[in-house]
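The lines below spell out each chain.
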Amino acid sequence: MHQFCNDPIDVVVDFSGQRVKPTSIHWNNRHYPIPRVNLVHGAREGQKRIFYFSVSDDTNFMKLRFDTENLTWHLIEFYAD
Amino acid sequence: MDKIIMHIDFNSFFASVEQQANPHLRGKAIAVAGKAGGDLRRSVVTTASREAKARGVKTAMATWEAKKICPELIIVPGDPQKYAMITERLLNVCRKYADNVEQFSTDEVFIDVTLAADNYFGASMLALMIRRDLKATCGSVCTASIGVAPNKLVAKLASESVKPNGLTVVRPHEVEAFVRTRPLADFCGIGRQTEKRLAELGVTSVDTLRTVPRARLIELFKSYGEWLHDASFGQATDVLKDDTLPAKSIGHSYTFPHDLQTLPEVKKNLLAMADKVAWRLRQQKMVAKRITAYVRYGDFGGDGSARLLNVPVSDGLTISQNAWQLLAPQLELERGVRLLGVSVSELQNVALPTSLFRKEQRMQQVVTALDSVQTKFGADAWRRASTLQTSFRERTSGWHYDHLAMANQT
């Protein structure tokens, strides 16, 4: 199942040097630990910097969007086997 | 001193990036096609994963056809920003090891390692270091095939000879023998039409191409015949272009999720597209003198024409009005409009002169103000009321994706 969404989520992150690593998210009243960050890429919307985190656990893939201007996280893509 | 050229080519690029991002897609037949949220049934396969290729899925195949061949195929919508970022990482890795880097396409790059490597053993070591860096920066699933040879032609043939993740080194004394083993279709510069024409002459392999006298090839193909003759022996004088050439044209085309059937729909979409073209023109501080508009119908037939303007333009409304005048007389709506395209060419890098007329001066001021808004808030910061019902999803294909605009944004 592959779905696209734009849901605000709460994210717990680790800061290591200049890097940010999401470790768990809270979405739909559920808590999802994030054992793997597979790819991080950035983009610009005008002067706003956006980072996308492609993360996964053993059954789910999630793409998270981090808006550096207002410091909000959104879940934008969800894939389950 | 002989050159040492390296060609690096990502394997199944878009599909590998998707498999890197989503481990649940690894080992599965996937195809990258279409746009996120779009109708994937009207798309074509942009890239197939190795697993899908093994099942017969090919690039440019219609998705319905691919699904028929491989029912378990997972179709993943493309994400151009992600691919552009990986391309940028590839270029950065290459720049670390060579001064001269030529981006050949979104997933291919030539680098000159003559000085950095010194010899072919050094070049092999550099190739391994590049591979290690790519794994670290792009992930272990994004593999690349690497070819090392004395020129670009043979380096590309070499990288394509072993896939995936190959490393093929062709030293100068091995070139003639190596080239003999490659099919003509693998040569960058021999397209389907040339291959067909050569076949009509009885030339179906490098060996048979070598038997045709150079003078005869020149007689048949003009200067290209000379290139063909040299290529059959692995000789080429191509040089690396380490600079981004200025754009010759700027355009947008779009395949709609359903065929357009009414004039207002076509007109609105043309205007929205022209605005996008105009914004990119102004971003690059250019104006255009030629406007081209084209249409493709549901039956895959099409039409198009171009017009040269007396005064160069850079605003969307003028481009749209001209495009409409070009298209309207030949539009056959009953065939259903599948794709529309607008492009501008004969670009000049000059500022538009200030108009003598008050109305046009005010319009220029408005456009300048809107450009500031777009620079700050992104390309979708404003729209004309008449185009509110139009929406364009991002295109997947790396070849047509606007990496320059992307780079300007980042």
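Just so it is clear, the structure is predicted and the values come from calculations on it, not from any experiment.

Asker: Sorry if this is basic, but what is going on with the pattern of salt bridges here?
Answerer: With the rule as written, the count across this model stands at 27 salt bridges over all chains. Note that Lys 156 of chain B is salt-bridged to Glu 108 of chain B, the shortest N-O span being 2.6 Å. Note that Lys 156 of chain B is positioned in helix H7 (residues 152-161) and Glu 108 of chain B in strand S6 (residues 108-112), a separation of 48 residues in sequence. Put simply, Arg 384 of chain B and Asp 275 of chain B hold a salt bridge, and the shortest N to O gap is 2.6 Å. In this pair, Arg 384 of chain B sits in the loop between helix H15 (358-377) and helix H16 (403-409) while Asp 275 of chain B sits in helix H13 (residues 263-283), placing the two residues 109 residues apart along the sequence. Taking relative accessible area as the criterion, Arg 384 of chain B reaches 22% and is therefore assigned partly exposed. Salt bridges sharing partners connect three or more residues here, namely Lys 63 and Glu 77 of chain A together with Glu 18, Asp 79 and Lys 82 of chain B.

Asker: What should I look at first to understand the sheet that holds strand S8 (residues 72-80) of chain A in this one?
Answerer: Whether parallel or antiparallel, the strands of a sheet pair through hydrogen bonds between backbone atoms. One open sheet accounts for five strands, arranged S1-S8-S7-S6-S5 (chain A); its pairing is antiparallel. One side of each edge strand has no neighbouring strand; the edge strands of this open sheet are strand S1 (2-8) and strand S5 (36-45) of chain A. Sheet twist, expressed as the mean angle between neighbouring strand axes with direction ignored, is 20°. With five bridges joining them, S1 of chain A and S8 of chain A adopt antiparallel strand pairing. Bridging from a neighbouring strand, Asp 7 of chain A pairs with Leu 75 of chain A of S8 of chain A. Against the sheet, helix H4 (residues 80-97) of chain B engages S5 and strand S6 (48-56) of chain A, with an angle of about 100° to S5 of chain A.

What counts, and where the lines are drawn
- Residues numbered from 1 in each chain as written.
- Chains lettered and ligands numbered in written order.
- Predicted model: local features only at pLDDT ≥ 70, side-chain atom pairs only at ≥ 80, totals over all residues.
- Heavy atoms only, no water.
- Salt bridge = Lys/Arg side-chain N within 4 Å of Asp/Glu carboxyl O.
- Helix = DSSP H or I, 4+ residues; strand = E, 2+ residues; numbered from the N terminus.
- Buried < 20%, exposed > 50% of the residue type's maximum accessible area, 1.4 Å probe, protein only.
- Pairing = 2+ DSSP bridges.
- Axes fitted to C-alpha atoms, helices over the stretch in contact; angles between N-to-C directions.
- Contact = heavy atoms within 4.5 Å.

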